[in-house]
Structure formats: structure tokens, C-alpha cells
Amino acid sequence: QVQLVESGGGLVQAGGSLRLSCAASGRAFSNYAMGWFRQAPGKERDFVAHISTSGGTTYYADSVKGRFTISRDNAKNTVYLQMNSLKPEDTAVYYCAARYSGIYSKTSTEYDYWGQGTQVTVSS
């Protein structure tokens, strides 16, 4: 099985930046497409970003496009989410997820493994 651990969350002011990391252990990291999702209190878990197994293809939710960047370092078994120009509406728990299928998906139920999440709070 694959275990995922997120880190890098915290409290920042609007307009600031954070970089989230997701460290993977277990089976070969490079076999999995990776995604980031987020969930605010009382709301559904929403898609944020996706990256292919090689890192060659990325997708973003419209709400974060142009501000967030997903990347991966397969040699380090780590995926990142660089978040710039943060807004209060970005406040949520951010989750890293792994998907064995190579087909792009923004649906949380189509991912196989999940981390515990890391809190991101953006103050105005």
C-alpha cells in the first residue's frame, strides 16, 4: 500500500504564499498520478490540482489556476503544491491523493490513497 503524509500548512495573510509537500512511502511513487484536494468546514471535498505520473501533464481547478502550481520529484517520492496570491477563500484542509489509473480525474472517489491533511488558513 501507499502511505501519504502532507506538511507545510499554516496561517498566512492574504496575498502570501505557502508550499505544501506530500511525502509518499510504499510502492513505487512513479506509478501513481497525484492530486491535491481541499475541504472547508461544512463543504464538500473539492479538486484543486492533478499531475501525471511523469509530471508532464497538469490540471487545475479554475479557482486556483494561475496562482497554484503542482509539481513532483519522483526521486524523492514527493509531490508539491506551491500556493501564491492566497485568498481567504483558500482556507481549508488540504489533502494529497494518489491514483493508480493514468486517466485524469478531478473526482475524489476515483483516487486510491489519501493523506491525513494539513490545515491552511488565510487571514484577510
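All of these numbers come straight from a predicted model, not from anything done at the bench.

Enquirer: What am I meant to see in the packing of aromatic side chains here?
Expert: In this description, a pair of aromatic rings is defined by centroid distance and the angle of the planes. All chains considered together, the criterion is met by eight aromatic pairs. On the numbers, 5.8 Å between centres and 75° between planes, the contact of Phe37 with Phe47 is edge-to-face. In this pair, Phe37 sits in strand E4 (residues 33–39) while Phe47 sits in strand E5 (residues 46–51), placing the two residues ten residues apart along the sequence. Judged by its relative accessible area of 12%, Phe47 falls in the buried class. The rings of Phe37, Phe47, Tyr59, Tyr104, Tyr111 and Trp114 are connected pair by pair, giving a single aromatic cluster. Looking at Arg72, its charged tip hangs above the ring of Phe29, at a distance of 4.3 Å from the centre.

Enquirer: Sorry, what's going on with the pairing of strand E11 (residues 118–123) here?
Expert: In regular strands, side chains alternate between the two faces of the sheet. Burial along E11 is one-sided: Thr118, Val120 and Val122 are buried, and none of Gln119, Thr121 and Ser123, which face the opposite way, are. Sheet topology places strand E2 (residues 10–13) next to E11; four bridges connect them, and they run parallel. Residue pairing in the sheet places Gly10 in a bridge with Val120 of E11.

Enquirer: Is there a simple way to think about the pairing of E5 in this case?
Expert: The element E5 is extensively covered by neighbouring structure, given that five of its six residues are classed as buried. Bridge analysis of E4 against E5 gives five bridges, and the strand direction is antiparallel. Pairing of Trp36 across the sheet is with Ala49, part of E5. Here E4 folds back onto E5, and the loop between the two strands holds six residues, one of which, Gly42, carries a positive phi near 75°. Note: E5 against strand E6 (residues 58–60), three bridges, orientation antiparallel.

Enquirer: Sorry, what's going on with the nonpolar core here?
Expert: In this structure, Met34, Trp36, Val79, Leu81, Met83 and Tyr94 are the most contacted members of the largest nonpolar core, which totals 32 residues. Here the element with the most residues in this core is strand E9 (residues 92–99); it accounts for five residues.

Enquirer: Any chance you could explain the pattern of salt bridges here in plain terms?
Expert: Two side chains carrying opposite charge are able to pair once their charged atoms lie near each other. Using the criterion set out here, one finds three salt bridges in the structure. A salt bridge links Asp62 to Lys65; the shortest N-O distance between them is 3.2 Å. No difference in accessibility class separates Asp62 from Lys65, as the two residues are exposed.

Enquirer: I tried to follow the state of the cysteines on my own but got confused; where do I start?
Expert: Put plainly, a disulfide is one covalent bond tying together the sulfur atoms of two cysteines. Overall, the coordinates contain one disulfide when judged by the stated rule. What pairs with Cys22 in a disulfide is Cys96, and their sulfur atoms sit 2.1 Å apart. On the sign convention where negative is left-handed, the bridge of Cys22 and Cys96, at about -80° about the S-S bond, is left-handed. Of this pair, Cys22 sits in strand E3 (residues 18–26) while Cys96 is found in strand E9, placing the two residues 74 residues apart along the sequence. Given the relative accessible area of 0%, Cys22 is considered buried.

Enquirer: Help me understand unusual backbone geometry, please; the structure alone is not making it clear to me.
Expert: Across the chain, the bulk of peptide bonds are trans and the bulk of non-glycine residues have phi less than zero. Even without being glycine, Asn77 reaches a positive phi, approximately 55°. Among the structural elements, Asn77 can be located in the loop between strand E7 (68–73) and strand E8 (78–83). Of the residues examined, Asn77 reaches a relative accessible area of 25% and is grouped as partly exposed. Even without being a glycine, Ser85 presents a positive backbone phi close to 50°. Tracing the chain through its elements places Ser85 in the loop between E8 and E9. Residue classification places Ser85 among the partly exposed residues on the basis of a relative accessible area of 42%.

Calculation criteria
Residues numbered from 1 in each chain as written. Predicted model: local features only at pLDDT ≥ 70, side-chain atom pairs only at ≥ 80, totals over all residues. Heavy atoms only, no water. Phe/Tyr/Trp six-rings, centres within 6.5 Å; stacked < 30°, edge-to-face > 60°. Helix = DSSP H or I, 4+ residues; strand = E, 2+ residues; numbered from the N terminus. Buried < 20%, exposed > 50% of the residue type's maximum accessible area, 1.4 Å probe, protein only. Lys NZ or Arg CZ within 6 Å of the ring centre and 35° of its normal. Pairing = 2+ DSSP bridges. Core = buried A, V, L, I, M, F, W, Y, C linked by side-chain atoms within 4.5 Å. Salt bridge = Lys/Arg side-chain N within 4 Å of Asp/Glu carboxyl O. Disulfide = S-S within 2.5 Å.

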